[in-house]
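A look at the structure
Listed below are the residues making up each chain.
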Amino acid sequence: MSRPLALLPLLLACVFTSLVPNNADAQVYAQLKLRDSSKRYPKINQIEFPGSASTRATYDAIYGHGAMWESEYIAFRIYMDHRQSIDLYGKKHPQLELDSTNFYSNANWMERGYGEDILYAGQSVAAGSFRGLSNGKPAYIEEVSARGQRIVKEGPDTVVVEVWDKDWKTNGKTIQMRQVYTMLRGHRDVQVDIYLEGASDTDIFCTGAQKLEMENEGIMLPSTKSNNSLVASWGRNIPEKGHPELIEGVGIGVCVPKQYLEKVQEDDLNYLCLIHPVNGHIRYYLAAYAWMQEKDGFKTSKEWFDWLKKWSDLIN
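Because the structure is predicted, anything quoted here is derived from the model rather than measured.

**Some points on the overall build of the chain**
- Helix and strand counts for the chain stand at five helices and 19 strands.
- Scaling as 2.2 N^0.38, a compact globule of 316 residues should have a C-alpha radius of gyration of about 20 Å, and the chain matches this with 18 Å.
- Oriented by its inertia axes, the alpha-carbon framework of the chain measures out at about 55 × 50 × 35 Å.
- When contacts within the chain are restricted to residue pairs at least 6 apart in sequence, long-range pairs at least 24 apart make up 65% of them.
- The chain carries 35 positive and 40 negative side-chain charges, and their two centres are separated by 2 Å.

As structure tokens, then:
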């Protein structure tokens, strides 16, 4: 296991003590479920669609729209379509919830202390989603021969989720892509590994942190000889546009080790890291925080950004 994921509990012990319980039963969890008209939503290990399939159909075929995973503190899902956006689910208390709520919390669950979806991804890179780059702008994973997802490992201490795109045509090349997301119990960060067969070290891709739609604050720190790059945001948004009264507070951070970074930049929607492979591989890290849900911990953007800077210093 990589150094940052292995060492982060030491940092959490100093910075995040009140949010990390001494609970030997706390685990991690991952799931991929089919949407079922009989509302049984069976779990599956993996699924693959031909590239000719409607991306709306692939998105709707999965209950929750894609693979999900969680630790005690935060949950993620990645959409089963051309966007492959990473969405966030925040929690009020350290516990596992996805097998019950499936990202679709309601008033009854919330009254019992459960969390809910906290992010509206829209057209942004959301929380560390991987993108192509076209004309200097983030680009979806559009033209492929097949796309799929699988749960590689769902516990007890580690979850691993894999996403793949076969024969991805981008910028005049055909690339075989795998995305691997790894999360440990007791963590709110995820290690992201992108494998790009057919890409060269001069090809540029991107990831980043979206700008929140209300009271957004952000930072962009380029890499130096001694430091990794870091982009981050903090603010509030309305995840469900049909319920404008439900406002959520979100913190997002993305750290890219310096060997993969081309540069940092921003656009109207995002704080971006432009990245390139090294021998067909890119690694970066993302972290998230639900500051209006969680009762203890960070309550200002400065506290969140300071924690992220310490976190990024642990990453090789």
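**Some thoughts on the sheet that holds strand β18 (residues 270–275)**
- Spatial strand order, β13-β18-β17: three strands in an open sheet with antiparallel pairing. Among the strands making up the open sheet, the edge pair consists of β13 (205–210) and β17 (261–266). Strand-to-strand, the axes of this sheet are offset by a mean angle of 20°, without reference to chain direction.
- In this structure, β17 lies alongside β18, joined through five bridges in antiparallel fashion.

**Notes on the pattern of salt bridges**
- The tally for this structure, following the rule as stated, stands at 20 salt bridges.
- Here the salt bridges share partners, and the residues they tie into one network are R77, D87 and D117.

**Comments concerning the packing of aromatic side chains**
- Under the definition given, this model contains 17 aromatic pairs.
- Among the aromatic side chains, those forming a connected cluster through ring pairs are W234, Y289, W291, F298, W304, W307 and W311.
- Positioned above the aromatic ring of Y195, the side-chain terminus of R178 is 4.5 Å from the ring centre.
- Looking at K211, its charged tip hangs above the ring of Y271, at a distance of 5.2 Å from the centre.

**A closer look at unusual backbone geometry**
- With omega at 0°, the peptide bond leading from G155 into P156 counts as cis.
- Relative to the assigned elements, P156 resides in the loop between β9 (146–154) and β10 (158–170).
- Here the phi dihedral of Y41 falls at roughly 50°; this positive angle occurs in a residue that is not glycine.
- For Y41, the position within the fold is in the loop between β1 (29–31) and β2 (46–50).

**What about the pairing of strand β19 (residues 281–289)?**
- β19 sits mainly inside the fold: eight of its nine residues count as buried.
- The sheet contact formed by strand β16 (residues 248–256) and β19 spans five bridges and is antiparallel. In the strand pairing of β19, I252 is matched with A288.

**Things to note about the sheet that holds strand β4 (residues 74–79)**
- Strand order across the open sheet formed by five strands is β1-β3-β4-β5-β6, with antiparallel pairing between neighbours. Each edge of the sheet is formed by a strand with only one pairing partner; in this case those strands are β1 and β6 (116–117).
- When strand β5 (residues 86–90) meets β6, the two strands line up antiparallel, connected through two bridges. Each bridged residue has a counterpart across the sheet, and for G90 the counterpart in β6 is E116.

**Overview of the nonpolar core**
- Core analysis: the biggest nonpolar cluster contains 55 residues, and W69, F76, F130 and L196 have the highest contact counts within it.
- In this structure, F130 is in contact with I141, W168, M177, Q179, I194, L196, F205, C206, T207, I275, I282 and Y284, ignoring residues within four places of it in sequence.
- Counting residues in hydrophobic clusters, the runner-up holds 16 residues, among them W234, Y285, F298 and L308.

**Notes on the environment of Q84**
- Tracing the backbone through its elements, the reader meets Q84 in the loop between β4 and β5.
- Spatially, the C-alpha atoms of Q84 and W311 are 25 Å apart, while their sequence positions differ by 227 residues.
- For Q84, the contacting residues outside a window of four places in its chain are I78, Y79, S129, R131, I141, R147, V163, D165, M177 and Q179.
- Among the polar contacts made by the side chain of Q84, one reaches the side chain of D165 at a distance of 2.8 Å.

**Details of the side chain of D117**
- Summarising the element assignment, D117 is placed in strand β6.
- The exposure class assigned to D117 is buried, which follows from its relative accessible area of 18%.
- Side chain to side chain, D117 and R77 meet in a polar contact 3.2 Å long.
- A polar contact is formed between the side chain of D117 and the backbone nitrogen of L119, at a distance of 3.2 Å.
- Excluding residues that lie within four positions of it along the chain, D117 makes contacts with R77, D87, L88, Y89, F103, P239 and E248.

The rules behind these values
- Residues numbered from 1 in each chain as written.
- Predicted model: local features only at pLDDT ≥ 70, side-chain atom pairs only at ≥ 80, totals over all residues.
- Heavy atoms only, no water.
- Helix = DSSP H or I, 4+ residues; strand = E, 2+ residues; numbered from the N terminus.
- Rg over C-alpha atoms; globule rule 2.2 N^0.38 Å.
- Contact = heavy atoms within 4.5 Å.
- Lys, Arg positive; Asp, Glu negative; His and termini not counted.
- Charge placed at Lys NZ, Arg CZ, Asp CG, Glu CD.
- Pairing = 2+ DSSP bridges.
- Axes fitted to C-alpha atoms, helices over the stretch in contact; angles between N-to-C directions.
- Salt bridge = Lys/Arg side-chain N within 4 Å of Asp/Glu carboxyl O.
- Phe/Tyr/Trp six-rings, centres within 6.5 Å; stacked < 30°, edge-to-face > 60°.
- Lys NZ or Arg CZ within 6 Å of the ring centre and 35° of its normal.
- Buried < 20%, exposed > 50% of the residue type's maximum accessible area, 1.4 Å probe, protein only.
- Core = buried A, V, L, I, M, F, W, Y, C linked by side-chain atoms within 4.5 Å.
- Polar contact = N/O pair within 3.5 Å; in protein donor to acceptor, adjacent residues only side chain to side chain.

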